[in-house]
Amino acid sequence: MSNYKLVALDMDGTLLNEQSEISAENAEWIQKALDAGVIVSFSTGRGFQSALPYAEQLGLDTPMITVNGSEIWHKPHVLHKRTHLSSVYVKRMHELALKHGEPWFWAYTADTVYNKEKWIDPATDYDSYHWLKFGYYTEDDQARNEILAEVQSWGALEITNSSPWNLEMNPQGVSKASALRELCELLGIDMSSVVAVGDSLNDIAAIREAGLGVAMGNAQQAVKDAADAVTFTNDEHGVAEVIRRYVLKG
């Protein structure tokens, strides 16, 4: 056994394969970690509702970090903390999406997800929603870079991605890393006892701050550069390998 007490797993591109499934190998090694007394937590850009079925599939009754750190859960359905995104910026980001015409966009509230096809009623006030995160997706590099430059110029948001083609905006200072730090305080463990695993820019801060930061084989290059180790891809049960090799040591 190693000294690692918490394994924080990103979901898409990490725990989940390209079919958005948890492989039998990953499930088996997560169970072995739990049996050994290691806490296994999701640390995802997904909202609680879309992460929950996977937690239930694995029988996890452990803390969860959702919406890139805007929500921290003691365990499923038991909320510890929620950090809201200013409606002022949500409105500006929506206007920016319309200005660029083409990109897919979405926004999480505490209750649901709005997107390009289903946006809020224009008659309602942005302030009447509990916003958590805003995202854009476009494979048009120029449009994405222009949006990024504009949002960066505001100096008010935490900007990451969960794929090379998207941008994700959280309140400034809110990240998977900030949520992990808070979770460690709640659990009475040190960040040096954490293994963080991920594939995208929204994982970098956590990977840098954890005792062991692991990039997936399919991770963006910047994530691999920030990591202590690189494991197999998400289609090759990379999470199982991390647990086997580093957490349970064979």
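The structure under discussion appears in the preceding block.
Bear in mind that the values here come from a model prediction, so they are computed numbers and not experimental data. (Residues numbered from 1 in each chain as written. Predicted model: local features only at pLDDT ≥ 70, side-chain atom pairs only at ≥ 80, totals over all residues. Heavy atoms only, no water.)

The interhelical angle for the contact between helix α1 (residues 24–35) and helix α8 (residues 238–247), taken along N-to-C directions, is 30 degrees, at an axis separation of 8 Å. Here α1 lies roughly parallel to α8, going by the angle between them. At the point where α1 passes α8, the crossing takes the left-handed sense. Here Glu25, Asn26, Trp29, Ile30 and Ala33 of α1 lie close against α8, whose contacting residues are Gly238, Val239, Ala240, Ile243 and Arg244. (Axes fitted to C-alpha atoms, helices over the stretch in contact; angles between N-to-C directions. Helix = DSSP H or I, 4+ residues; strand = E, 2+ residues; numbered from the N terminus. Parallel < 35°, antiparallel > 145°, perpendicular 65-115°, else oblique. Left-handed = near helix turned anticlockwise from the far one by under 90°. Contact = heavy atoms within 4.5 Å.)

The next point concerns the sheet that holds strand β9 (residues 157–160). Strand order in this open sheet of five strands is β7-β6-β8-β10-β9, and the pairing throughout is antiparallel. One side of each edge strand has no neighbouring strand; the edge strands of this open sheet are β7 (113–115) and β9. Averaged over all adjacent pairs, the angle separating strand axes in this sheet is 20 degrees, with direction ignored. Where strand β6 (residues 104–109) lies against strand β8 (residues 131–137), six bridges are found, and the strand directions are antiparallel. Residue pairing for β8: Trp104 is matched across the bridge by Tyr137. Set on the sheet, helix α3 (residues 87–100) makes contact with β6, β8, β9 and β10 (166–171); between it and β8 the angle comes to about 15 degrees. (Pairing = 2+ DSSP bridges.)

Moving on to the environment of Tyr114. Here Tyr114 is to be found in strand β7. Expressed as a C-alpha distance, the spacing of Tyr114 and Phe134, which sit 20 residues apart in the sequence, is 9.4 Å.

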